[in-house]
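Coordinate analysis (summary)
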Amino acid sequence: MGSDAVLIAITVLVGSALFTGLVLKLALLGGVLDVPNARSSHSVPTPRGGGVAIALATTAALIVLALHGSLQFNLLFALAGGGLAVAAVGFTDDRQPLSTGARLAVHFAAAIWALVWLGGMPSVRIADHIVSFGWGGYVLGTIGIVWTLNLFNFMDGIDGIAASEAVFVAGAGALLSAGGGAGVTDAAAVFACACVGFLIWNWPPAKIFLGDVGSGYLGYVIAVLALAATRENPIALWAWLILGGVFFVDASVTLLRRLLRGERLYEAHRSHAYQWLARRWGSHGKVTCGVLIVNVLWLLPCAVFATWRPGLAAATVIFAFAPLVLLAIAVSGRREANHRRHRSQ
C-alpha cells in the first residue's frame, strides 16, 4: 500500500466508527432493535443495522482509490454495484422481512453482476494444471458468491464474530495478494479497516449488530475480492478459501446436517458449532477470540504454505479443513431441541 492508500484506510476506520455510532443512535430512536427470542444467542434488545456504516465507508474509499489509480474500475464496479445491492436488500429486510425468494433474487443478480465485471470465473491452479471454466464458470462463480454472502449471514450469530472474521480474512488476504495489479490489496485493506471501525462497537458485549445489511455485504465483498485476486494469481482462491475456513466449514457442516434431518434451511436456529460453544462456555467473547486464535495459528500458516507451494495449494485446503470438520461435527452433533431439554433438567 502506498502512503495515500494508508491515509485512506485510516480515514475509513475512523469514519466507519463514527458512522456506526450515528447509526446506533438512529436505531435506538427509530426502535430498530433485534429483540431476543427462543432462537437468539443474545438476551437483551440490541440495535441492528450497523453494517450500513461498513458498506458506505468502504464504497466511498473504493471510489477514492479508483480515482487515484490504485484500483481498477472494473473491480470498483463489481464491488460497489453488487455490494450496495446486497446491502440495500439487507437494509430493507432488517426493517420489513422479505421473502427468501426476493432476497436470493438480488443475491444472484449481484453475483452475476460481479462476474460480468471481472470477466467471468478466473482460472485456478489444481496441482500442476491450470483449469479454465469457460461459461460454466459463471454458474460456479455465482453459486460461490451467493453461498459466501449467505454463510456470513448464518455465522453472524454472536457478538463480534462476523466482523472480526472479515477483518482477518480481508487483512490476511491483502497481505497474500500484495503486488497484484488490480488493486486487490488496497481494496481489501480499506474494507478491513471499515470492519475494524464497526467492530469497536460490536465487540462483546455488542452495542449494535451488523444486521442483514452488513452480514451479506461482508460475505459478498470477500467473495469478489477472492475472485479478483485469483485473476492475478491462480492459487489465490485456495488461499482465501483457507483463510475463511472456520466460517465455510461451520456453515456447510450445519447446513448439510439440517438438510439430512429434513429441517427448514432458512428457519432461524442455534445449531452452529460456534453457537453451541457460546452456550457451553457462557461467553460470546471467548468463542470469538477462539475463532481468531484458530485463524492466526492454524489457517493463516496453511494459507501461507499454499501460496509458497502452488502445486499443493488445492490439497492444502483439505488438510486445513479436516480438523475443523471433525471439530464442527463433535461440537454440534446433537439436535438443538435435545440441548434445550438437557439444560432444563
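Residues numbered from 1 in each chain as written. Predicted model: local features only at pLDDT ≥ 70, side-chain atom pairs only at ≥ 80, totals over all residues. Heavy atoms only, no water.

**Side note on the overall build of the chain**
Along the chain, the regular secondary structure elements total 14 helices and four strands. Against the compact-globule benchmark of 20 Å for 345 residues, the chain has a radius of gyration of 19 Å, which places it among compact chains. Based on the C-alpha atoms only, the size of the chain along its principal axes is roughly 60 × 45 × 35 Å. Residues classed as buried in the chain amount to 52% of the 345 residues present. Counting contacts in the chain only where the partners sit at least 6 residues apart, residues at least 24 apart contribute 76% of the total. Split by element, the accessible area of the chain, about 14,800 Å² in all, is 69% carbon and sulfur. (Helix = DSSP H or I, 4+ residues; strand = E, 2+ residues; numbered from the N terminus. Rg over C-alpha atoms; globule rule 2.2 N^0.38 Å. Buried < 20%, exposed > 50% of the residue type's maximum accessible area, 1.4 Å probe, protein only. Contact = heavy atoms within 4.5 Å. Areas by Shrake-Rupley, 256 points an atom, 1.4 Å probe, with all protein chains shown as cover.)

**Remarks on the confidence of the model for the chain**
With 92% of its residues at a pLDDT of 70 or more, the chain shows a mean pLDDT of 91. The low-confidence segment residues 338-345, where pLDDT is below 50, has seven contacts with residues more than four positions distant or belonging to other chains. (pLDDT = per-residue confidence, 0-100.)

**Some remarks on the environment of A328**
Relative to the helices and strands, A328 is located in helix α13 (residues 313-331). Taking C-alpha positions, A328 is 5.5 Å from A273, a pair spaced 55 residues apart along the chain.

**Quick notes on the packing of helix α4 (residues 100-118) against helix α8 (residues 212-232)**
The N-to-C vectors of α4 and α8 enclose an angle of 20°; their axes lie 11 Å apart at closest approach. It follows that α4 is roughly parallel to α8 by the angle criterion. For the element pair α4 and α8, the recorded crossing hand is right-handed. Taken together, the residues of α8 that come into contact with α4 (itself represented by A110, A111, W113, A114, L115 and L118) are Y220, V224, L227, A228 and R231. (Axes fitted to C-alpha atoms, helices over the stretch in contact; angles between N-to-C directions. Parallel < 35°, antiparallel > 145°, perpendicular 65-115°, else oblique. Left-handed = near helix turned anticlockwise from the far one by under 90°.)

**A few points about the packing of aromatic side chains**
Counted by the stated rule, this structure contains eight aromatic pairs. A centroid spacing of 5.3 Å and a plane angle of 25° characterise the contact between W135 and Y138, whose relative ring orientation is stacked. Assessed through its relative accessible area of 73%, W135 is described here as exposed. Look at Y138 and you get partly exposed, because its relative accessible area is 22%. Among the aromatic side chains, those forming a connected cluster through ring pairs are F73, F77, W113 and W117. Stacked on the ring of F91, the Lys or Arg R95 has its end atom at 3.7 Å from the ring centre. The side chain of R279 reaches across the aromatic face of W276, ending 4.8 Å from its centre. (Phe/Tyr/Trp six-rings, centres within 6.5 Å; stacked < 30°, edge-to-face > 60°. Lys NZ or Arg CZ within 6 Å of the ring centre and 35° of its normal.)

**Quick notes on the pattern of salt bridges**
All told, the structure shown has two salt bridges when counted by the stated rule. One salt bridge in this structure joins R125 and D128, with 3.4 Å as the shortest N-O distance. Judged by relative accessible area, R125 falls into the partly exposed class, the value being 23%. With a relative accessible area of 65%, D128 lands in the exposed category. (Salt bridge = Lys/Arg side-chain N within 4 Å of Asp/Glu carboxyl O.)

**Points about the nonpolar core**
In this structure, I54, I145, F191, L218, Y220, L225 and W240 are the most contacted members of the largest nonpolar core, which totals 105 residues. If one sorts the elements of this core by residue count, α8 sits on top with 13 residues. Those residues in contact with L225 that sit more than four places away from it in its chain are L79, V184, A187, A188, F191 and W240. (Core = buried A, V, L, I, M, F, W, Y, C linked by side-chain atoms within 4.5 Å.)

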